[in-house]
Amino acid sequence: MSRMPFDQLPADVRQAVTDKTGAVHRAVTMTGGMNSGVASVLETESGSVFVKGIASDHPQVAAQRREAEIAPHLPTSCPRLYWHLEVGGWSLLGYEVLSGRHADYRPGSTDLVLVEAALTELQRVTAPADIEIKDAVDRWADYAPPGTLQHFSGNTLLHTDFAPHNVLIADRRARLIDWAWPTRGAAWIDPGALALRLMEAGHPAEDAIVFAGRFPSWRNTDPEALAAFGSASAALWREIAEEDPTPWKQRMAERAAAFRLILHRGSTPAVGPTSS
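Position labels on residues start from 1 in each chain and follow its written sequence. Under the rules for a predicted model, residues below a pLDDT of 70 receive no local features and side-chain atom pairs below 80 are neither given nor counted, while totals for whole chains, interfaces and linings still include all residues. For side-chain calculations, the full set of non-hydrogen atoms in the structure is used, while hydrogens and water are omitted.

Student: Looking at this model, I keep getting lost on the packing of helix α5 (residues 189-200) against helix α8 (residues 223-243). Mind explaining?
Tutor: Put simply, α5 and α8 touch, their axes get as near as 11 Å, and they point 50° apart. By the angle between their directions, the pair α5 and α8 is classed as oblique. In this structure, α5 crosses over α8, and the sense of that crossing is right-handed. Residues Ile189, Gly192, Ala193, Leu196 and Arg197 of α5 form the contact with α8, whose participating residues are Phe229, Ser233 and Trp237. Each residue is assigned to one class: nonpolar for Ala, Val, Leu, Ile, Met, Phe, Trp, Tyr, Cys and Pro, charged for Asp, Glu, Lys and Arg, and polar for all the others, Gly among them. When the residues that make up the contact of α5 with α8 are grouped by side-chain class, the tally is five nonpolar, two polar and one charged. Note on method: axes are straight lines fitted to C-alpha atoms, helices fitted across the in-contact stretch only, with angles between N-to-C directions ranging 0 to 180 degrees. Under the scheme used here, helices are H or I runs from DSSP no shorter than 4 residues and strands are E runs no shorter than 2 residues, and both carry numbers assigned from the N terminus. Just so you know how the angles are binned, under 35 degrees is roughly parallel, over 145 roughly antiparallel, 65 to 115 roughly perpendicular, and the rest oblique. For any helix crossing, the convention is left-handed if the near helix is rotated counterclockwise from the far helix by under a right angle, and right-handed if that rotation is clockwise. It only takes one pair of heavy atoms within 4.5 Å for two residues to be counted as in contact.

See the structure below:
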């Protein structure tokens, strides 16, 4: 969606933000990301705040509201949400500002151990029962092989999208951002989702699966469940590539197919690639 500078928001919306932050001295529009109509770092009387927002009548506003609801339940590896405003036809979130960069997943990257630590922390979090979030069984229902959906069921809070732009390296930690699609399900799903992104960054499929094996949830799971996830991932990315055959999506479909093949062979070693 198109990106609007903060100072072009309606006056009543800007005033609502000022009521939270004090006077805004400077607003810098961020260029990354695609799902926010407003994304600005504000320098204010009370300090810095990252504001992201979307028009209240936009189809994706429900995802942003879910993000606000889930924020109090997230681990410390995630940025803190200061406030959530619904005003003047806009839904706005005010976040802690993180000064960092996107994670580097390439083989040998020192970021890998930080990403592992962040996901290890998340693996301990139970999905809150009082928030309506997607269930993994429903998310993968159209892609998993018949008779395997029971493996996706669980109560762990999942992120599921470990694209590097959703992981910031800041203060010598990996910070998980963009919680528009929190999911309730089996804990092993997130290590599997991360493994696919490691493949995108240049890890051979075998090594990416080895990395997933660092997490007990993956390592101790029935191989049939992992094979089902491999099949579901391959089917999902095949559909994505068919609907939009851009080169990177076609490559992801090819990687997901290789991922599926290895998991069906039951090749899941116990240790993984290390940083250098």
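Student: It is not clear to me how the packing of aromatic side chains should be interpreted in this structure. Could you clarify?
Tutor: Here a pair means two rings of Phe, Tyr or Trp (six-membered ring of Trp) with centres within 6.5 Å. Their orientation is stacked below 30 degrees between planes, edge-to-face above 60, and tilted elsewhere. Scanning the model with the defined rule gives ten aromatic pairs in all. Measuring from centroid to centroid gives 5.6 Å for tryptophan 188 and phenylalanine 229, while their planes differ by 85°, and the two rings are edge-to-face. Residue tryptophan 188 is found in the loop between β11 (183-185) and α5, and its partner phenylalanine 229 is found in helix α8; the two are separated by 41 residues along the sequence. Taking the centre distance of 6.5 Å and the plane angle of 85° together, the rings of tryptophan 218 and phenylalanine 229 count as edge-to-face. With tryptophan 218 in helix α7 (residues 216-219) and phenylalanine 229 in helix α8, this pair connects stretches of sequence that are eleven residues apart. Each member of the pair, tryptophan 218 as well as phenylalanine 229, carries the same accessibility label: buried. An aromatic cluster is built from Trp140, Phe152, Trp188, Trp218, Phe229 and Phe259, whose rings are joined through pairwise contacts. Directly above the aromatic system of tryptophan 181 lies the positively charged group of arginine 66, at a separation of 4.6 Å from the ring centroid. The classification of residues rests on relative accessible area computed with a 1.4 Å probe and restricted to protein chains. Under 20% of the type maximum is buried, over 50% is exposed, and intermediate values are partly exposed. Remark: a charge is flagged as sitting over a ring if the NZ atom of Lys or the CZ atom of Arg is within 6 Å of the ring centre and within 35 degrees of the ring normal.

Student: Looking at this model, I keep getting lost on the pattern of salt bridges. Mind explaining?
Tutor: Close approach of charged atoms allows side chains of opposite charge to pair. A carboxyl oxygen of Asp or Glu within 4 Å of a side-chain nitrogen of Lys or Arg is what we treat as a salt bridge. Inspection of every chain in the model, using the stated rule, returns ten salt bridges. Aspartate 104 is paired through a salt bridge with arginine 106; the nearest N and O atoms lie 2.9 Å apart. Taken together, the shared-partner salt bridges in this structure form one network comprising Asp161, Arg197 and Glu200.

Student: Explanation requested: the environment of tryptophan 90 in the structure shown.
Tutor: Mapping tryptophan 90 onto the fold places it in strand β5 (residues 90-95). The exposure class of tryptophan 90 is buried, given its relative accessible area of 11%. When the C-alpha atoms of tryptophan 90 and serine 56 are compared, they prove to be 4.8 Å apart, with 34 residues separating the residues in sequence. Setting aside residues no more than four positions away along its own chain, tryptophan 90 makes contact with Met4, Leu9, Pro10, Val13, Gly37, Val38, Gly53, Ile54, Ala55, Ser56 and Leu85.

Student: Just checking my understanding: could you explain unusual backbone geometry for this structure?
Tutor: Residues apart from glycine generally show negative phi values, whereas peptide bonds are mostly found in trans. Residue aspartate 171 is not a glycine yet carries a positive backbone phi of 55°. The topology assignment puts aspartate 171 in the loop between β9 (167-170) and β10 (173-176). Overall, the relative accessible area of 63% leaves aspartate 171 in the exposed class. Backbone geometry places aspartate 178, a non-glycine residue, at a positive phi of 60°. Exposure remark for aspartate 178: the relative accessible area of 31% places this residue in the partly exposed category.

Student: Teacher, can you tell me more about the side chain of glutamine 123 here?
Tutor: Topologically, glutamine 123 is positioned in the loop between α3 (111-122) and β7 (134-135). Setting aside anything within four residues of it in sequence, one finds glutamine 123 in contact with Thr156, Ala187, Asp190, Pro191, Phe215 and Ser217.

Student: What exactly am I supposed to notice about helix α6 (residues 205-212) here?
Tutor: Residues separated by three or four positions in an α-helix point in the same direction, a consequence of the helix having 3.6 residues per turn. Where burial is concerned, most of α6 is hidden: six out of the eight residues are buried. Buried within α6 we find Ala205, Ala208, Ile209, Val210, Phe211 and Ala212. Looking at the buried positions of α6, the neighbouring elements they touch are α3, α5, α7 and α9 (247-264).

Student: What exactly am I supposed to notice about the nonpolar core here?
Tutor: Soluble, globular proteins show a tendency: their nonpolar side chains are buried together. Working definition of a nonpolar core: buried Ala, Val, Leu, Ile, Met, Phe, Trp, Tyr and Cys residues. They are joined through side-chain atoms within 4.5 Å. Phe152, Leu157, Trp188, Ile189, Trp218 and Phe259 are the most contacted members of the largest nonpolar core, which has 58 residues in total. Mapped by element, the contributors of at least two residues to this core are α3, β8 (156-158), β9, β10, α5, α6, α8 and α9. With nine residues, the top contributor of residues to this core is α8. Contacts of phenylalanine 259, omitting those with residues within four sequence positions, involve Gly192, Ala195, Leu196, Met199, Ile209, Trp218, Phe229, Gly230 and Ser233. Judged by nonpolar contacts, the second largest core, of 13 residues, contains Leu9, Val38, Trp83 and Trp90.

Student: How should the sheet that holds strand β4 (residues 81-87) be read in this particular structure?
Tutor: Strand pairing in a sheet relies on backbone hydrogen bonds. The paired strands run either parallel or antiparallel. Across the sheet, which stays open at both edges, the five strands sit in the order β1-β2-β3-β5-β4 with antiparallel pairing between neighbours. Each of the sheet's edge strands pairs with one partner strand only, and the pair in question is β1 (24-29) and β4. Adjacent strand axes in the sheet meet at a mean angle of 25° when their direction is disregarded. In this sheet, strand β2 (residues 38-44) lies alongside β1 in antiparallel orientation, the contact comprising five bridges. Residue pairing for β2: alanine 27 is matched across the bridge by leucine 42. Relative to the sheet, helix α1 (residues 11-21) contacts β1, β2, β3 (47-55), β4 and β5, its axis offset from that of β4 by approximately 150°. Packing against the sheet, helix α2 (residues 61-70) makes contact with β3, β4 and β5, and its axis sits at approximately 35° to β5. Paired strands are those between which DSSP finds at least two bridges.

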